[in-house]
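# Breakdown of the fold
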Amino acid sequence: TVFMIAAERGSLWRKRLRTVAIPLCIAFSMVTGVYVQASGWELERLGNAFHEKAQIMLQAVGSRFDSYRAVTQAIERFFASSVEVTPDEFRIFLTGVRERTPGSQALEWIARVPNGKRREFETRMRESGFPNFRIIERNADKMMVPAGDRSDYYPVTFVEPLAGNERAVG
C-alpha cells in the first residue's frame, strides 16, 4: 500500500491503487474491527468468570466466619450457663466443637479480670491445674513478663487444645 501511494504518476504501482490498495485497506479495517470486538467479548467473558469465582470465594469465607461465630457463641453460652468452668469441663465441651472450626490453631476463653481481683484470679488458676499461672504480657524486647498495673486484664484463661499452646495461657 505504501509503494502504491508513494509511486510516481503513471507507474505500475499507481495504477493498482484502486484494485489492490483500497480493498486491502478495507480488509485490514474489517479484520481490525473483528479483533477489537472479539477482544471485548473475551475481556467480558474473563470478567464474568472472575466475578463468579469471587462470589464463590466470598460465600465460602462467609460460611467459615458463620461457623466460627456459632462456635464462639456456644462457648459464651457455656460460660454464661455455668457458675464456674474448670479446664476439664472446657476441654470436654470443645471435644466435638473444634471439628467445626477447621484451620484454627486453638479455641480460647479470655476472662476479664479487674485489677482488684488479679491476685485472687491467679491463685484460683494455679489451684485449678495451672501451677505457674500468672497474667503476663510482652515487653519491648518481645519477652513475656508479668503484666503491668492497669484497671482490667484479659488473660487467656483456657485454651483447647492445651498441648502446643501452653505459652498462650495467662
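Our subject is the structure listed above.
Residues numbered from 1 in each chain as written. Predicted model: local features only at pLDDT ≥ 70, side-chain atom pairs only at ≥ 80, totals over all residues. Heavy atoms only, no water.

### A few points about the overall build of the protein
Looking only at helices and strands, one finds five helices and six strands in the protein. Evaluated residue by residue, the protein yields a buried proportion of 22% over its 170 residues. Residue pairs at least 24 apart in sequence account for 53% of intrachain contacts in the protein once pairs closer than 6 positions are excluded. For the protein, the exposed surface amounts to about 12,700 Å²; the carbon and sulfur share of it is 59%. (Helix = DSSP H or I, 4+ residues; strand = E, 2+ residues; numbered from the N terminus. Buried < 20%, exposed > 50% of the residue type's maximum accessible area, 1.4 Å probe, protein only. Contact = heavy atoms within 4.5 Å. Areas by Shrake-Rupley, 256 points an atom, 1.4 Å probe, with all protein chains shown as cover.)

### A short note on the nonpolar core
Among the nonpolar cores identified, the biggest contains 22 residues, and Ile75, Phe79, Phe90, Phe121, Phe133, Ile135 and Phe158 are the most heavily contacted of them. Those elements giving two or more residues to this core turn out to be α3 (17–80), α5 (118–127) and β6 (156–160). The leading source of residues in this core is α3, at four residues. Residues contacting Phe133, with those up to four places away along its chain left out, are Phe121, Glu122, Met125, Arg126, Pro155, Val156, Val169 and Gly170. (Core = buried A, V, L, I, M, F, W, Y, C linked by side-chain atoms within 4.5 Å.)

### Overview of the pattern of salt bridges
As enumerated under the stated definition, the model contains eight salt bridges in all. A salt bridge links Arg118 to Glu122; the nearest nitrogen and oxygen atoms lie 3.4 Å apart. Taken together, the residues Arg118 and Glu122, both in helix α5 and four residues apart, mark about one turn of the helix. Both residues of the pair, Arg118 and Glu122, belong to the buried class. Several salt bridges share partner residues, and in doing so they unite Arg118, Arg119 and Glu122 into one network. (Salt bridge = Lys/Arg side-chain N within 4 Å of Asp/Glu carboxyl O.)

### Comments concerning the side chain of Thr157
Along the chain, Thr157 falls in strand β6. Thr157 sits in the buried class, given a relative accessible area of 3%. For Thr157, the side chain forms a polar contact with the main-chain nitrogen of Ala111, separated by 3.2 Å. Among residues more than four places away in sequence, those in contact with Thr157 are Trp109, Ile110, Ala111, Phe121, Met125, Phe130 and Val169. (Polar contact = N/O pair within 3.5 Å; in protein donor to acceptor, adjacent residues only side chain to side chain.)

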